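Here is how the chains run, residue by residue.
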Amino acid sequence: GWMEVGGRVSGGPQGEPRAIRLRDDMHGEFAEYLAAFALYLHQRGVPLDVLSMANEPHFTHSFPSMLLQGEDMRRVIRETDRRLRMAEQRVEGFRRPRLAADDNVLTEHRFREDFAPFLDGLARDRTARDALSIIAFHGYGEGALLPEEVDASVLARLLSRSRRVLGNDVELWMTETSGHHNGLLDADRPGALRLAEGIHSVLVYG
């Protein structure tokens, strides 16, 4: 909480968004926190392949969270990458993890309001762009797609836009999904099958 504007770690669903925004003087400190986490795992023999900047960083939660958008997100990416590179040079055997963002819910609204502006900002920020190799998203709603719908989906547009900014080697990672009905007798597709098909779709597009 001491890194956030309001001095607390939760804004709540109806909370004041600015209160859980990263303070302007804390980008480096938060990057140090992330790098320290990677080093902590390394010192205990746990390999870390990917490090994400934040979970669902575009809205407030009732659990500990922090808004991290636009230039704030790009600055944290730059600062974290710089510290990880320093650690790689100074700490024997340490291999810096790849960096991921934006870890937000992939819906039409979130694509338009969050993902697209984030990628447009990366296009103008070579340092942050070069540090990032994974675009992460959460597969709720429109993101949990049936195979016959995926080619015309927001997921397909996310892949296209991510490649345009980050190149063809960019990876898409679906890092959360759920929300399907648990019943086995739902119309033509039980919830478990819809979940499996949604996971299949994002693997194909990832």
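The rules behind these values
- Residues numbered from 1 in each chain as written.
- Predicted model: local features only at pLDDT ≥ 70, side-chain atom pairs only at ≥ 80, totals over all residues.
- Heavy atoms only, no water.
- Helix = DSSP H or I, 4+ residues; strand = E, 2+ residues; numbered from the N terminus.
- Contact = heavy atoms within 4.5 Å.
- Areas by Shrake-Rupley, 256 points an atom, 1.4 Å probe, with all protein chains shown as cover.
- Buried < 20%, exposed > 50% of the residue type's maximum accessible area, 1.4 Å probe, protein only.
- Pairing = 2+ DSSP bridges.
- Axes fitted to C-alpha atoms, helices over the stretch in contact; angles between N-to-C directions.
- Polar contact = N/O pair within 3.5 Å; in protein donor to acceptor, adjacent residues only side chain to side chain.
- Expected span 1.5 Å × (residues − 1).
- Core = buried A, V, L, I, M, F, W, Y, C linked by side-chain atoms within 4.5 Å.

Could you give an account of the overall build of the protein chain, naming the residues involved and the relevant values?
Along the backbone of the protein chain there are 6 helices and 4 strands. Reading the protein chain from its N terminus to its C terminus gives the helix and strand order α-β-α-β-α-α-β-α-β-α. Here the analysis covers contacts within the protein chain between residues at least 6 apart in sequence; of these, 69% occur between residues at least 24 apart. As presented, the protein chain carries roughly 10,800 Å² of accessible surface, and 51% of it is formed by carbon and sulfur atoms.

Outline unusual backbone geometry, supporting the account with residue identities and numerical values.
Look at the link from alanine 101 to aspartate 102: it is a cis peptide, with omega at 20°. Tracing the chain through its elements places aspartate 102 in strand β2 (residues 98-105). Even without being glycine, glutamate 56 reaches a positive phi, approximately 45°. By the element assignment, glutamate 56 lies in the loop between β1 (50-52) and α2 (70-90). The class for glutamate 56 is buried, based on a relative accessible area of 8%.

So what about the sheet that holds β1? Which residues, and what values?
Reading across from one edge, β1-β2-β3-β4 is the order of the 4 strands in this open sheet, with parallel pairing throughout. What marks the edges here is a single partner per strand, and that holds for β1 and β4 (171-176). Pairs of neighbouring strands in the sheet enclose a mean axial angle of 35°, with direction left out of account. As defined by bridge partners, β1 adjoins β2 across 3 bridges and the pair is classed as parallel. Bridge pairing in β2 places leucine 51 opposite leucine 99. Each of β1, β2 and β3 (132-138) is contacted by α2, which is oriented at about 155° to β2, the strand it contacts most.

Got a sec to walk through the side chain of threonine 80? Specific residues and values, please.
Tracing the chain through its elements places threonine 80 in helix α2. Under the relative-accessibility criterion, threonine 80 is labelled buried at 0%. Of the polar contacts made by the side chain of threonine 80, one reaches the backbone oxygen of valine 76; its length is 2.7 Å. Discounting chain neighbours no more than four positions away, the residues touching threonine 80 are Ala31, Leu34, Leu51, Met53 and Leu99.

Can you tell me about helix α1 (residues 27-43), naming the residues and giving the values?
Over its 17 residues, α1 runs 24 Å from end to end, which matches the ideal 24 Å to within 8%, given 1.5 Å per residue. As for α1, its buried residues are in contact with β1 and α2. Two residues or fewer after α1 comes glycine 45, characterised by a positive phi angle close to 75°.

Give a detailed account of the side chain of asparagine 104, specifying residues and quantitative values.
Secondary-structure assignment places asparagine 104 in strand β2. The residues touching asparagine 104, leaving out its near neighbours within four places in the chain, are Glu56, His58, Phe59, Arg110, Asp114, Phe115, Ala136, Phe137 and His138.

Tell me what's going on with the pairing of β3, and back it up with residues and numbers.
Counting buried positions along β3 yields 6 of 7 residues, so the element is predominantly enclosed. As paired elements, β2 and β3 share 6 bridges and run parallel to each other. Within β3, the position partnered with alanine 100 by the bridge is isoleucine 134. Of the pairings in the sheet, the one linking β3 to β4 comprises 5 bridges and is parallel in character. Its bridge partner being in β4, histidine 138 is matched across the sheet by glutamate 176.

Describe the nonpolar core, listing the residues and the values that go with them.
For soluble globular proteins, the rule of thumb is that nonpolar side chains tend to be buried together. Judged by nonpolar contacts, the single largest core of 47 residues is most densely connected at Met53, Leu68, Ile77, Ile135, Leu155 and Leu158. Sorting the residues of this core by element identifies α1, α2, β2, α3 (108-123), α4 (126-131), β3, α5 (154-166) and α6 (191-205) as the ones contributing at least two each. Here this core takes 7 residues from α5, the largest share from any one element. Contacts of isoleucine 135, omitting those with residues within four sequence positions, involve Ala101, Phe115, Phe118, Leu119, Leu158, Ser162, Leu166, Val170, Glu171, Leu172 and Trp173.

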